[in-house]
Amino acid sequence: MLDLEKYGVSMWEEDKIRSFRKKLLAWYDENKRDLPWRRSKNPYHIWVSEIMLQQTRVDTVIPYYERFLEWFPTVESLAIAPEERLLKAWEGLGYYSRVRNMQTAAQQIMNEFNGEFPSTYEGISSLKGIGPYTSGAIASIAFNLPQPAVDGNVMRVLARLFEVNHDIGNPSNRKIFQAMMEILIDPDRPGDFNQALMDLGSDIESPVNPRPEDSPVKEFSAAYKHGTMDRYPVKAPKKKPVPIYLNALVVQNSKGQFLLEKNESEKLLAGFWHFPLIEVEGFSKDEELNLFSQVAESFQQIGPSPQESFEQDYDLEVDWQDTHFEEVKHVFSHRKWHVRILAGQVVERKEYSDKEVVWLTPDEFDLYPLAKPQQKIWQEYSKRC
């Protein structure tokens, strides 16, 4: 057991802990959100919801969750799902390694646990992509095991309850909050206790505009009593995402079909289909004004233009349009894409085999997984063409 005193955290006496549990659970019973995954004790359903909820808002997750279970109703169906079907189910949620890890974990369950979802914390933790938080959530909610589920919401609440002077964004400090939860968690209703703290942290104790006076446990909060709510939790500012500049080549043939290419790399958005993209060092002032001829001229001075590079790489001759498109922006966790659209009509098409491409009508886009940036590109293109 971690010695919390060394970290400046003084835990309550047992009577106060019992009183805290009682107050928190009574509030939860009256105010808990009616969410589809809370109507089930099926560990597979709970697992799907918890993975989807990582970095994603609840209202966004609900339709994805319902469709995912419709498409993959069992662990076995997830284990054997084709990659494109899997990515299509996750299309728009982002952080796509999550669903790939889920399929690997489903295959582990089939091979190592005879198709039965593991019912111990250790077994759950052994699955690909399942860390301490998700293990604790599944163990406590599905199997009623007294395991903490420590996420950002829970750490925020605990930091204010005990005035914890340790950065919640530093992964090495997670052990402090884990140890606190091991003491606080209700042994009889661990799943409800974990979910009550999550609900409290996502609403009343939210990171922006918290309402501490509405908290059912404000009498227990050191930060509330001492007027230090604005100091907690301690969290260093995030690093700004690195800007990436890309040209998206949206070209159409005489049949009204558009060229899409499969991303076969092991990098970001692997396995998804996209309009061809060419990375550049930045956008010039001429590009910002969309002065097409000047852009081409400026590029010719230092090498082939994006349009010329595209025609060479794809063996196409294209009649490029002089159309102004707004810049498309998309933020990932560690980078920010700035995308300029270059549109054109194919004049001559040759055969090529070094890229996996398809020609699709807009009605056929739904058959292929397209990540959020590509959806934004299409929306912007459709507005102006």
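Please read these numbers as outputs of a predicted model, since none were measured by experiment. (Residues numbered from 1 in each chain as written. Predicted model: local features only at pLDDT ≥ 70, side-chain atom pairs only at ≥ 80, totals over all residues. Heavy atoms only, no water.)

Undergrad: Lay out the overall build of the protein in plain terms, naming residues and giving numbers.
TA: Counting secondary structure elements, the protein contains 16 helices and 8 strands. In terms of its C-alpha atoms, the protein occupies a principal-axis envelope of roughly 80 × 50 × 35 Å. The buried share of the protein, taken over its 385 residues, is 51%. At a minimum sequence separation of 6, the contacts of the protein that also span at least 24 residues come to 70%. Carbon and sulfur atoms make up 47% of the accessible area of the protein, which amounts to about 19400 Å² in all. Placing the 46 positive and 59 negative side-chain charges of the protein at their respective mean positions leaves the two points 6 Å apart. (Helix = DSSP H or I, 4+ residues; strand = E, 2+ residues; numbered from the N terminus. Buried < 20%, exposed > 50% of the residue type's maximum accessible area, 1.4 Å probe, protein only. Contact = heavy atoms within 4.5 Å. Areas by Shrake-Rupley, 256 points an atom, 1.4 Å probe, with all protein chains shown as cover. Lys, Arg positive; Asp, Glu negative; His and termini not counted. Charge placed at Lys NZ, Arg CZ, Asp CG, Glu CD.)

Undergrad: Any details on the UniProt feature "domain: HhH-GPD" (unreviewed entry) in the protein? Residues and values, ideally.
TA: Feature annotation in UniProt places "domain: HhH-GPD" (unreviewed entry) on residues 52–203, given in this structure's numbering. Across residues 52–203, the secondary structure splits into 64% helix and 0% strand, with the terminal C-alpha atoms separated by 19 Å. (UniProt positions renumbered as here; feature names shortened; annotations may be inferred.)

Undergrad: Tell me about unusual backbone geometry, residues and numbers included.
TA: In this structure, Pro233 follows Tyr232 across a cis peptide bond, with omega equal to 0°. Tracing the backbone through its elements, the reader meets Pro233 in the loop between α12 (222–226) and β1 (242–252). The phi dihedral of Gln55 is positive, around 65°, even though this residue is not glycine. Inspection of the secondary structure puts Gln55 in the loop between α2 (43–53) and α3 (58–71). Gln55 sits in the exposed class, given a relative accessible area of 62%. For Tyr95, which is not glycine, the phi dihedral falls at a positive 50°. With respect to the helices, strands and loops of the structure, Tyr95 is situated in the loop between α5 (83–90) and α6 (97–112).

Undergrad: How would you sum up the nonpolar core? Please name residues and give values.
TA: Counting residues in hydrophobic clusters, the biggest one holds 101 residues, and the most contacted among them are Trp47, Phe68 and Phe177. Ranked by the residues each element gives to this core, the list is headed by helix α9 (residues 152–162), at 7 residues. Here this core gathers at least three residues from each of two domains, domain 1 (5–231) and domain 2 (242–286 + 302–382). Residues within four places of Trp47 in sequence aside, it is in contact with Leu78, Met102, Ala105, Ala106, Ile109, Phe117, Ile130, Thr134 and Ile138. Formed by 12 residues, the second largest nonpolar core is a distinct cluster that contains Ile278, Tyr314, Val318 and Trp359. (Core = buried A, V, L, I, M, F, W, Y, C linked by side-chain atoms within 4.5 Å. Domains from an automatic or database assignment.)

Undergrad: Would you mind going over the environment of Asp59 in detail, with residue names and values included?
TA: With respect to the helices and strands, Asp59 occurs in helix α3. A polar contact is formed between the side chain of Asp59 and the side chain of Arg57, at a distance of 3.3 Å. (Polar contact = N/O pair within 3.5 Å; in protein donor to acceptor, adjacent residues only side chain to side chain.)

Undergrad: Any chance you could break down the domain arrangement of the protein for me, citing the residues and the numbers?
TA: Here the domain parsing of the protein yields domain 1 (5–231) and domain 2 (242–286 + 302–382). Relative placement of domain 1 and domain 2: their C-alpha centres are 38 Å apart. At the interface, 9 residues of domain 1 touch 16 residues of domain 2. When the two sides are added together, the surface that domain 1 and domain 2 hide from each other amounts to roughly 910 Å², 54% of it contributed by carbon and sulfur. Three residues, Glu84, Lys88 and Tyr96, lead the burial of domain 1 against domain 2; their summed loss comes to 49% of the area buried on that side. Linking domain 1 with domain 2 are 2 salt bridges. (Buried area = accessible area lost by both parts, 1.4 Å probe. Salt bridge = Lys/Arg side-chain N within 4 Å of Asp/Glu carboxyl O.)

Undergrad: Talk me through the packing of aromatic side chains; I want residue IDs and the actual numbers.
TA: Evaluation of the coordinates by the stated rule reveals 23 aromatic pairs. Judged by centre distance (5.4 Å) and plane angle (80°), the ring pair of Phe20 and Phe220 falls under edge-to-face. Of this pair, Phe20 sits in helix α1 (residues 14–31) while Phe220 sits in the loop between α11 (190–202) and α12; the two residues are 200 residues apart in sequence, bridging distant segments of the chain. Measuring from ring centre to ring centre gives 5.1 Å for Phe332 and Trp337, while their planes differ by 70°; the resulting arrangement is edge-to-face. Pair check on accessibility: Phe332 and Trp337 agree, each one buried. (Phe/Tyr/Trp six-rings, centres within 6.5 Å; stacked < 30°, edge-to-face > 60°.)

Undergrad: Quick one: what's the story with the packing of α9 against helix α10 (residues 174–184), residue by residue and with numbers?
TA: One way to put it is that α9 packs onto α10 with a least axis distance of 11 Å and a crossing angle of 80°. The angle between α9 and α10 falls in the class roughly perpendicular. Between α9, through Val154, Met155, Leu158, Ala159 and Phe162, and α10, the contact on the second element is made entirely by Phe177, Met180, Met181 and Leu184. Among the residues making up the contact of α9 with α10, the classes are represented as 9 nonpolar, no polar and no charged. (Axes fitted to C-alpha atoms, helices over the stretch in contact; angles between N-to-C directions. Parallel < 35°, antiparallel > 145°, perpendicular 65-115°, else oblique. Nonpolar A, V, L, I, M, F, W, Y, C, P; charged D, E, K, R; others polar.)

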